[in-house]
Amino acid sequence: MICTTSTPTTPPTLVQKTCNATSYYDFCVSSFQSQPDSPKAVDVKGLSSLAVTIAISNATNTSTFAASLADATSTKPPLRSVLRSCATKYRDARQALQWSLDALAADSYDYAFVHVSAAAEYPNVCRVLFRQTPTRLAYPPEMARREQDLEHLCTIALEIISLLG
């Protein structure tokens, strides 16, 4: 007689199921797990709003970070100017994401998608500004990391919004 025991498998959570439909599964899951409001999301629409909220936080923090780098006493004028422009671009991204959140609340998924798409482009402008300076300023690694994070967060938000219809 052969006796087999099987361990019951836990069904995937809403976060896992939803993140499985994104390009960055691990980043998606860890982003949601880092949010205390994540368990309160009971459906895909709630997760889409939370994804946009996480992106808003990233854009806000990156804008503040760029502004603080610009205001550092050791920052030279050309770099200071570019960093201030970057801070503005991340504020613009935050505003576009806020409009997306408003559109989600109104079930206007097309508009939400458009606003997140716009927000994803603003950080690219920051990188280009560094390249366009006469001395081709080096792009700070921390800015590059934050840019990539916002791009991933926006991609995840777009893919989740797409699930809504």
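On a predicted model such as this, the values are computed, not experimentally measured, just so you know.

A.B. asks: How would you explain the overall build of the chain if you had to name every residue and give the values?
C.D. replies: If you tally the helices and strands in the chain, you get six helices and zero strands. For the chain, the sequential pattern of α-helices and β-strands runs α-α-α-α-α-α. Relative to the globule expectation of 15 Å for 165 residues, the C-alpha radius of gyration of the chain, 19 Å, shows a markedly less compact shape. Projected onto its principal axes, the C-alpha positions of the chain cover 80 × 45 × 25 Å. Classification of the 165 residues of the chain by burial places 36% in the buried group. Across the chain, contacts joining residues at least 24 apart in sequence account for 70% of those joining residues at least 6 apart. Here the chain displays about 9300 Å² of accessible surface, and carbon together with sulfur accounts for 56% of that area. Of the side chains in the chain, 14 bear a positive and 14 a negative charge, and the two mean positions are spaced by 10 Å.

A.B. asks: So what about the confidence of the model for the chain? Which residues, and what values?
C.D. replies: Here the chain averages 89 in pLDDT, while 92% of its residues score no lower than 70. Put simply, helix H1 (residues 14–19) is where the chain has its lowest mean pLDDT, 92, and helix H6 (residues 141–163) is where it has its highest, 96. This stretch, residues 1–10, has a pLDDT under 50; its non-local contacts, to residues over four places away or in other chains, come to zero contacts.

A.B. asks: Describe helix H5 (residues 109–132), and please don't skip the residues or the numbers.
C.D. replies: Taking 1.5 Å as the rise per residue, H5 with 24 residues should run 34 Å; its terminal C-alpha atoms sit 36 Å apart, in good agreement. Looking only at H5, the buried set comprises Tyr109, Ala112, Val116, Ala119, Ala120, Pro123, Cys126 and Phe130. Packed against the buried residues of H5 are helix H3 (44–71), helix H4 (77–105) and H6.

A.B. asks: Report on the environment of glycine 46, specifying residues and quantitative values.
C.D. replies: Tracing the sequence through the fold places glycine 46 in helix H3. The spatial distance from the C-alpha of glycine 46 to the C-alpha of leucine 104 is 9.2 Å, given a sequence separation of 58 residues.

A.B. asks: How would you summarise the state of the cysteines if you had to cite specific residues and measurements?
C.D. replies: Summed over all chains, the structure comprises two disulfides. In this model cysteine 19 forms its disulfide with cysteine 28; the gap between the sulfur atoms is 2.0 Å. Because the sign of the S-S torsion sets the handedness, a value of about -70° for the bond joining cysteine 19 and cysteine 28 places this disulfide among the left-handed ones. Residue classification places cysteine 28 among the buried positions, given a relative accessible area of 1%. Residue cysteine 86 pairs covalently with cysteine 126 via a disulfide, S to S 1.9 Å.

A.B. asks: Any details on the packing of H3 against H6? Residues and values, ideally.
C.D. replies: Two elements in contact, H3 and H6, have axes whose closest approach is 9 Å; the angle formed by their N-to-C orientations is 160°. One way to sum up the angle between H3 and H6 is to call them roughly antiparallel. Handedness of the H3/H6 crossing: left-handed. Along the lines of polarity and charge, the residues of the contact of H3 with H6 split into 16 nonpolar, four polar and three charged.

A.B. asks: Outline the environment of proline 134, supporting the account with residue identities and numerical values.
C.D. replies: Of note, proline 134 is situated in the loop between H5 and H6. Along the chain, proline 134 and proline 78 lie 56 residues apart, while their C-alpha atoms are 9.3 Å from each other.

A.B. asks: So, empty space enclosed by the protein: which residues are in play, and what are the values?
C.D. replies: To locate leftover empty space, one rolls a probe as large as a water molecule over the atoms. Enumeration according to the criterion identifies one cavity of 30 Å³ or more in this entry. Surrounding the largest cavity, Cys28, Ser31, Phe32, Ala51, Ile54, Leu153 and Ile156 form its lining. Secondary structure elements with two or more residues in the lining of the largest cavity: helix H2 (25–33), H3 and H6. Among the residues forming the lining of the largest cavity, the class breakdown is six nonpolar, one polar and no charged.

A.B. asks: Go over the layout of surface pockets, please, and point to the residues and values.
C.D. replies: A volume near 170 Å³ is recorded for the largest pocket. Lining the largest pocket, in full, are Phe27, Gln35, Thr53, Ile54, Ser57, Asn58, Asn61, Thr62, Arg145, Arg146, Asp149 and Leu153. Going through the elements one at a time, H3 and H6 are the ones with two or more residues in the lining of the largest pocket. In terms of residue class, the lining of the largest pocket is built from three nonpolar, six polar and three charged.

Cut-offs and rules
- Residues numbered from 1 in each chain as written.
- Predicted model: local features only at pLDDT ≥ 70, side-chain atom pairs only at ≥ 80, totals over all residues.
- Heavy atoms only, no water.
- Helix = DSSP H or I, 4+ residues; strand = E, 2+ residues; numbered from the N terminus.
- Rg over C-alpha atoms; globule rule 2.2 N^0.38 Å.
- Buried < 20%, exposed > 50% of the residue type's maximum accessible area, 1.4 Å probe, protein only.
- Contact = heavy atoms within 4.5 Å.
- Areas by Shrake-Rupley, 256 points an atom, 1.4 Å probe, with all protein chains shown as cover.
- Lys, Arg positive; Asp, Glu negative; His and termini not counted.
- Charge placed at Lys NZ, Arg CZ, Asp CG, Glu CD.
- pLDDT = per-residue confidence, 0-100.
- Expected span 1.5 Å × (residues − 1).
- Disulfide = S-S within 2.5 Å.
- Axes fitted to C-alpha atoms, helices over the stretch in contact; angles between N-to-C directions.
- Parallel < 35°, antiparallel > 145°, perpendicular 65-115°, else oblique.
- Left-handed = near helix turned anticlockwise from the far one by under 90°.
- Nonpolar A, V, L, I, M, F, W, Y, C, P; charged D, E, K, R; others polar.
- 1 Å grid on protein atoms, 1.4 Å probe; cavity = no way out; pocket = protein on both sides within 12 Å on 5 of 7 lines; lining within 4 Å.
- Points joined across faces, edges and corners; volume = space filled by probe spheres on them.

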